[in-house]
Structures are given as C-alpha cells and as structure tokens.
Amino acid sequence: MSIYVLVHGAWHGRWCWGRVEDRLRARGHRTVSMDLPVDDGSATFLDYRNAVLEAWPDDDDDVVLVGHSLGAMVVPLVAAERPVTVSVFVCPVVPNVAGLPWDDMPEMGAAGAYQTATHQDGSVTFDSIDEARFTFYGTCTASDTAWAFERLRPQNSASLWDRPYPLETLPPGRCVVIGGRRDHAITPEFLAAAAARRLGTDPVWLDSDHSPFLSDAPPLVDVLTGLTGVAPG
C-alpha cells in the first residue's frame, strides 16, 4: 500500500481529486488531499508548501507526491522537507530555479487559453464556462465541465511571482511527468522541453486535456499505481 498525497493547481481545490482518490482507495492505497490558499494574495509558494505539510501523513514510508498544474511548483518544496518515494508532475507548471517557469521555453499556454477577468483585489476568475472549458476541460463531458466550473475558486497570485523560487536546486529523487496531448493550459511543446531540461525526463502522455483527474481518471490512476509496482486492477 502506498500513500498518495495529491496537490491541486490554480483555481481548483481538493475536490478535483475525488475520482482519483476513489480509484486509488479501491486498489488498497491511502490518499491525502488538501486545499491550497490559492485565493489569498499574500500567500507564497512556501505557504502552499506549508498547507501540504500540515496534511502530511504520520506514516510516510511510501509516499507518492502528486502535483497538478500550479501544484507542481509545490512538489519540490515538499520533497525537500519530507521523504518521498516518487514525485509526480501532472500537466505541470514546471519549476525553474533560475527564473520563471515560462522563461526560455515554448509558449506555455495555447492561443486562446487563460481568457480571464482580473479584479480590483488582484484575484483572477474565469467568468465564462466556455473559456474555462477551452483552458482546462476540453475533453471532459459537458456535465463534468459544468460541475467543475461551479467549484472553481478565485486565483490570487500576487505574491507568487514577485520573488525567486525558494530552492536553488531541485531535490534529488525519482520524478515522473504526466502530460495531456490535448492540453491547452500547458502545451505539449512546453512540457516536453521543460521536462527534459529541468527534470531530466520525458513525459508519459495521456490523450487528455489539462484535467485528466476528470477526463481520464482511469488511465491516470493506472499510471500512478504503476509507479509503485502494483499492477492496475
């Protein structure tokens, strides 16, 4: 049995992992998820890290740490503090210890993605379900898209990008990158280049959008459980 610690990305919450958690538990694993302070404009990546550490399991002999999208920025910060069997980056914003994630890379987002509204308090929202669908849920069903859209939170990144990344080098250890071939939020071109240059690995590709936890949960879980040597069931 492994413990899967699941970290969500921008605009989302722990709710997005529900189908993945159900399937992992059905295979005999444990799961831990949490809400990051994505709507807090004063929160830094260290605050995001601390939210994960506060939820960290006491018995952490075999932990698979999974970060989706912006949550992938948190994975190395946690792995530098706690024992991790494997770090998994799902459709990730790939950390860049030398600058910003999108520096010196192909375009991170597809043309037309991230059509959002910025509010006076600095928070950013998707005010149209069509814009959210294009960015996040392109291969999801209409009902799943509507369900997720209703749960999106404001994202306030005011304190995330105004300071250097909190690590000078990424921690050692096994890492796996999972990407979506039809992802508009993190393009396959960006992900292939960033994974190779920064993490030293090639992505495992799913035929999914940016949200395989909804659109492709069974194959995503197959990949995750395969990392621990447990055959898909």
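Heads up: these notes are all about the structure in this document. (Residues numbered from 1 in each chain as written. Predicted model: local features only at pLDDT ≥ 70, side-chain atom pairs only at ≥ 80, totals over all residues. Heavy atoms only, no water.)

Turning our attention to the sheet that holds strand β7 (residues 175-180). Strand order in the open sheet made by the six strands is β2-β1-β3-β4-β7-β8, with parallel pairing throughout. Where the open sheet ends on each side, the last strands, each with one partner, are β2 (30-33) and β8 (204-206). Each neighbouring strand pair of the sheet contributes to a mean axis angle of 20 degrees, computed without reference to strand direction. The pairing of strand β1 (residues 3-7) with strand β3 (residues 63-68) spans five bridges and is classified as parallel. Bridge pairing links I3 to V63 in β3. (Pairing = 2+ DSSP bridges. Helix = DSSP H or I, 4+ residues; strand = E, 2+ residues; numbered from the N terminus. Axes fitted to C-alpha atoms, helices over the stretch in contact; angles between N-to-C directions.)

What follows covers the side chain of T125. Tracing the backbone through its elements, the reader meets T125 in strand β6 (residues 124-125). For T125, a relative accessible area of 15% corresponds to the buried category. Within the structure, the side chain of T125 is placed 2.7 Å from the side chain of H119, a separation counted as a polar contact. Ignoring any residue separated from it by four or fewer positions in sequence, one finds T125 in contact with W11, T116, A117, H119 and P154. (Buried < 20%, exposed > 50% of the residue type's maximum accessible area, 1.4 Å probe, protein only. Polar contact = N/O pair within 3.5 Å; in protein donor to acceptor, adjacent residues only side chain to side chain. Contact = heavy atoms within 4.5 Å.)

The next thing to look at is the packing of aromatic side chains. Going through the model one piece at a time under the given rule, you end up with 11 aromatic pairs. Ring plane angle 80 degrees and centroid distance 5.4 Å describe the contact between W15 and W147, whose orientation is recorded as edge-to-face. Of the two residues, W15 sits in the loop between β1 and α1 (18-26) while W147 sits in helix α5 (residues 142-149), which places them 132 residues apart along the sequence. Overall, W147 belongs to the partly exposed group, its relative accessible area being 31%. Between F45 and Y165, the aromatic rings sit 6.5 Å apart at their centres with planes inclined by 65 degrees, giving edge-to-face as the arrangement. (Phe/Tyr/Trp six-rings, centres within 6.5 Å; stacked < 30°, edge-to-face > 60°.)

This part takes up the environment of R30. Following the sequence through the fold, R30 ends up in strand β2. By relative accessible area, which is 31% here, R30 ends up partly exposed. On a C-alpha basis, the gap between R30 and N50 in space is 21 Å, while along the polypeptide they are 20 residues apart. Residues within four places of R30 in sequence aside, it is in contact with M1, S2, I3, Y4, P57 and D59. Here D59 takes part through its side chain, which lies 2.7 Å from a polar atom of the side chain of R30.

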